Amino acid sequence: MIGFLIALVSGALMSIQGVFNTQVTKSSSIWVASAFVQFSALLVCLGAWAITDRSSFSALFKVEPKYMLLGGAIGAFITYTVIKSMELLGPARAVMLIVIAQLIIAYVIELFGWFEVERQPLEWRKVIGMLIAIVGIIIFKWK
């Protein structure tokens, strides 16, 4: 149950952050806004680490495979693409497409066992659920 609630909070925060970031670009640029977002996230993470964790940063050198350390770089492009999609499509449409893309890619990762994720069997009910979500996007966008 706690995982469900955390996921809901995550989705809500991502939507709010996207709107905030898009507004910031109106006074600066998309890369300035993205850099500020990443820098402020760094400060929050360092503060949380100093208060709660204090594990060694040297543990990062033990991460295998090394490409798993690219999450931060990917995060920069996530920030850019969220801002740009919200600017061009509006928050609701952008988030719907972002969420369905996340769902499809996450399921493909599970199906094929990519990135050291445990491989899962194909379940038609999940495929049907994704198709229903896509139909929902079409209905939402329909004028």
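Cut-offs applied
Residues numbered from 1 in each chain as written. Predicted model: local features only at pLDDT ≥ 70, side-chain atom pairs only at ≥ 80, totals over all residues. Heavy atoms only, no water. Helix = DSSP H or I, 4+ residues; strand = E, 2+ residues; numbered from the N terminus. Expected span 1.5 Å × (residues − 1). Buried < 20%, exposed > 50% of the residue type's maximum accessible area, 1.4 Å probe, protein only. Salt bridge = Lys/Arg side-chain N within 4 Å of Asp/Glu carboxyl O. Contact = heavy atoms within 4.5 Å. Patch = residues over 30% accessible without salt bridge, like charges linked within 9 Å, V, L, I, M, F, W, Y side chains within 5 Å. Areas by Shrake-Rupley, 256 points an atom, 1.4 Å probe, with all protein chains shown as cover.

**Regarding helix α4 (residues 91–112)**
The end-to-end C-alpha distance of α4, which contains 22 residues, comes to 31 Å, matching closely the 32 Å that a straight helix rising 1.5 Å per residue would cover. Among the residues of α4, Ala94, Ile100, Tyr107, Ile109 and Leu111 are the ones counted as buried. Looking at the residues trailing α4, positive phi occurs at glycine 113, about 65 degrees.

**Structural notes on the pattern of salt bridges**
Summed over all chains, the structure comprises 4 salt bridges. With a shortest N-O distance of 3.3 Å, glutamate 87 and lysine 84 are connected by a salt bridge. Of this pair, glutamate 87 and lysine 84 both sit in helix α3 (residues 71–89), 3 residues apart, which is roughly one turn of the helix. Each of Glu123, Arg125 and Lys126 takes part in one network of salt bridges that share partners.

**Side note on the side chain of serine 85**
Structurally, serine 85 is set in helix α3. A relative accessible area of 17% means that serine 85 is categorised as buried. Excluding its chain neighbours within four sequence positions, the residues that come into contact with serine 85 are Gly90, Ala94 and Ile98.

**What about the side chain of threonine 22?**
Checked against the element boundaries, threonine 22 lands in helix α1 (residues 2–25). For threonine 22, the contacting residues outside a window of four places in its chain are Val82, Ile83, Met86 and Glu87.

**Some details on a nonpolar patch on the surface**
Side chains of Tyr67, Met68, Leu70, Ile74, Ile78, Phe112, Trp114, Phe115 and Val117 sit close together on the surface and give an oily, nonpolar patch of about 860 Å² of accessible area. One can find valine 117 in the loop between α4 and α5 (124–141). Look at valine 117 and you get partly exposed, because its relative accessible area is 34%.

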